[in-house]
Amino acid sequence: MNLRISKAAAVLFIFSFFFTACEDPTAIGLELQEPGTQIGTSYTDTATVRASTVLLKDSIIGLGAARVQVGRITDPVFGTVTAKTYAEFAPLTFPANADSIDVSKGADSLVINLDYNYAFGDTTKAIAMNVHRLTQTFRDDETYFINEPMAYNETPVGTVTFSPRPSTTYRSTTDTTKTLPLLLKIKITGAFANEVLQALAQTSSTQTFANVINGLALVPANGSDEQGSIVGFLPTSANTTLTLHYKSKKNIAKTTSLLFTDRYYNHIDANRAATPLASLIATGNTLSSANAGNRTFLQAGAGLVTKIELPYLAEFRKTQSGGEQNLAINKAELIIPLVTSTVISARDSALLPPVITVVEATTSNRIALNAGVPSALLAENSTAPATLQYRGAKGGYVYVVNITSYMQNLLYNRRTNNGLILLPSNVSSSLSTPSNLAQTINRAIIEANQSLSAERRIKLRLFYSTAQ
């Protein structure tokens, strides 16, 4: 059906419930004309937008993530976040002549070199990290979400204190054309190294070796500076290695290389007692922005997301007589301002999530799933998920995302209006593949004042036309 598009100024009187003010772009300035819009269409940014912080912590897959985290930080808003890593390891290859290993001499050492490329927090302060032996094995029938702890021996087998320098490189001494990453080195001696040597001599498969040793827990040491940082290690990096040093029965120095297997994950725990987020304890708990100082919060790893609701959207098409009119959404954008004081410096801006994906919500405040994976909005004219675009100082410290197609579908009941979730992560196309929600602890604080008179509030900015 061909529809004749008219100037919506002629029918502005019908919008008295959903919007408190609608203006023609010609009246509010040509600078508000966006690419692809037409002079003569209508514009509004006064739709009711409700926002809340939601805790989703029981569905973040950690097993096999590209990065794992260790450390502890304390923040007056987000509380104390502790990250631990549990990892299984095994020999790259088993010795051809295991009987040549002199177990009676014991191991000289087990040296762990960890490649890392991430640190969240104050990297000027040293981190104290302990290595413990796991007292339980990994299971094939477990998914391992990041809220699941594993048991380990309380006595550390190794420890290291270091100042994080992620992604720092140095020139190779043997080949000056190459640069190498600065690694974290942990040297383990004593009983645990000896037990690893014994398992090497007495087993011949990855599974049997792992069943004997169980694996390692990397945890922040008790008493370590909680104002420090959380560091992200790369288990599958070619530079991440475990090397066992020992002697043969002929007293010849030997080494065996070991690697982390594909069974490792983060355990991330957040204690929000005595913070503005103290009521967020169980998955699905919700905190309205009205009860949180007109703010909402995002924090990857800890499972904090923001839910956005448009409760009166169904009223937008209604006329004064109670009928419905035809509408075309020319452009719809969410404008999401950040608390300026939390991003005004370059250092603070670096703490923002590297990506925030817009996904659909359920009525129970969960992420809507499609074939088991998050139901993400698609970017306009693209098959890629819709993500928030950050505009810094020049843009007013806001996030912007185009949701034109989504809005058009909502208006004509082609999608259910259960709200949107701002997820501080990418989304994976596979249910079993971890997203970077498990791999960072980055955060954001959103200005979510629900008063229309507030200068900084979440806005739904609409350009639309009516049809007769």
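Residues numbered from 1 in each chain as written. Predicted model: local features only at pLDDT ≥ 70, side-chain atom pairs only at ≥ 80, totals over all residues. Heavy atoms only, no water.

Observations concerning the pairing of strand β20 (residues 326-337)
Then comes step 1: Burial of β20 is extensive: nine of the 12 residues sit out of reach of the surface.
Then comes step 2: Sheet analysis places β20 next to strand β25 (residues 398-402), joined by five bridges and oriented antiparallel. Each residue of the ladder has a partner; that of proline 337, found in β25, is valine 398. (Buried < 20%, exposed > 50% of the residue type's maximum accessible area, 1.4 Å probe, protein only. Helix = DSSP H or I, 4+ residues; strand = E, 2+ residues; numbered from the N terminus. Pairing = 2+ DSSP bridges.)

Re the side chain of aspartate 348
Then comes step 1: Within the secondary structure, aspartate 348 is located in helix α4 (residues 346-349).
Then comes step 2: A residue is classified by how much of its surface remains accessible, and aspartate 348, at 17% relative accessible area, is buried.
Then comes step 3: Within the structure, the side chain of aspartate 348 is placed 3.1 Å from the side chain of serine 345, a separation counted as a polar contact.
Then comes step 4: Once residues lying within four places of it in the same chain are set aside, the contact partners of aspartate 348 are Ser341, Thr342, Val343 and Arg443. (Polar contact = N/O pair within 3.5 Å; in protein donor to acceptor, adjacent residues only side chain to side chain. Contact = heavy atoms within 4.5 Å.)

Digging into the packing of helix α2 (residues 191-202) against helix α3 (residues 206-213)
Then comes step 1: In the contact formed by α2 and α3, the axes pass within 10 Å of each other and the chain directions differ by 150°. When the axes of α2 and α3 are compared, the pair comes out roughly antiparallel. Of the two possible hands of crossing, α2 and α3 adopt the one that is right-handed. Residues Phe192, Glu195, Val196, Ala199 and Leu200 of α2 form the contact with α3, whose own contacting residues are Phe209, Val212 and Ile213. (Axes fitted to C-alpha atoms, helices over the stretch in contact; angles between N-to-C directions. Parallel < 35°, antiparallel > 145°, perpendicular 65-115°, else oblique. Left-handed = near helix turned anticlockwise from the far one by under 90°.)

Topic: the pattern of salt bridges
Then comes step 1: In this structure the tally under the stated criterion is 13 salt bridges.
Then comes step 2: Where aspartate 140 meets arginine 263, a salt bridge forms, and the shortest distance between an N and an O atom there is 2.5 Å. In this pair, aspartate 140 is assigned in the loop between β8 (127-133) and β9 (158-162) and arginine 263 in strand β16 (residues 253-271), connecting sequence segments 123 residues apart.
Then comes step 3: Among the residues examined, arginine 263 registers a relative accessible area of 9% and is labelled buried. (Salt bridge = Lys/Arg side-chain N within 4 Å of Asp/Glu carboxyl O.)

Some remarks on the pairing of strand β21 (residues 357-360)
Then comes step 1: By the alternation rule, side chains of β21 split into Thr357 and Val359 and Val358 and Glu360, which are all buried.
Then comes step 2: Summarising the sheet, β21 and strand β26 (residues 420-423) pair through four bridges and their orientation is antiparallel. Opposite threonine 357, over in β26, you have leucine 423 as the bridge partner.

Here's the deal with unusual backbone geometry
Then comes step 1: Its identity as a non-glycine residue notwithstanding, alanine 274 has a phi of 65°, on the positive side.
Then comes step 2: Relative to the assigned elements, alanine 274 resides in the loop between β16 and β17 (286-288).
Then comes step 3: Its identity is not glycine, yet asparagine 365 carries a phi of approximately 65°, on the positive side.
Then comes step 4: As for its position among the elements, asparagine 365 is in the loop between β21 and β22 (369-370).
Then comes step 5: According to the relative accessible area criterion, asparagine 365 is buried, its value standing at 16%.

Considerations on α3
A turn of α-helix holds 3.6 residues, and therefore any two residues three or four places apart point the same way.
Then comes step 1: Every buried residue of α3 is accounted for by Phe209, Ala210 and Ile213. Projected down its long axis, α3 carries its buried residues within an arc of 95°, all on one side.
Then comes step 2: Considering only its buried residues, α3 is in contact with β5 (79-91), β8, α2 and β16. (Arc of directions from axis to C-beta.)

Focus: the packing of aromatic side chains
Then comes step 1: Tallied over the full model, the rule gives 13 aromatic pairs.
Then comes step 2: Put simply, the rings of Tyr86, Phe138, Tyr144, Tyr152 and Tyr265 pair up and form one aromatic cluster.
Then comes step 3: One cation-aromatic arrangement involves arginine 317 over tyrosine 412; the distance from NZ or CZ to the ring centre is 4.0 Å. (Phe/Tyr/Trp six-rings, centres within 6.5 Å; stacked < 30°, edge-to-face > 60°. Lys NZ or Arg CZ within 6 Å of the ring centre and 35° of its normal.)

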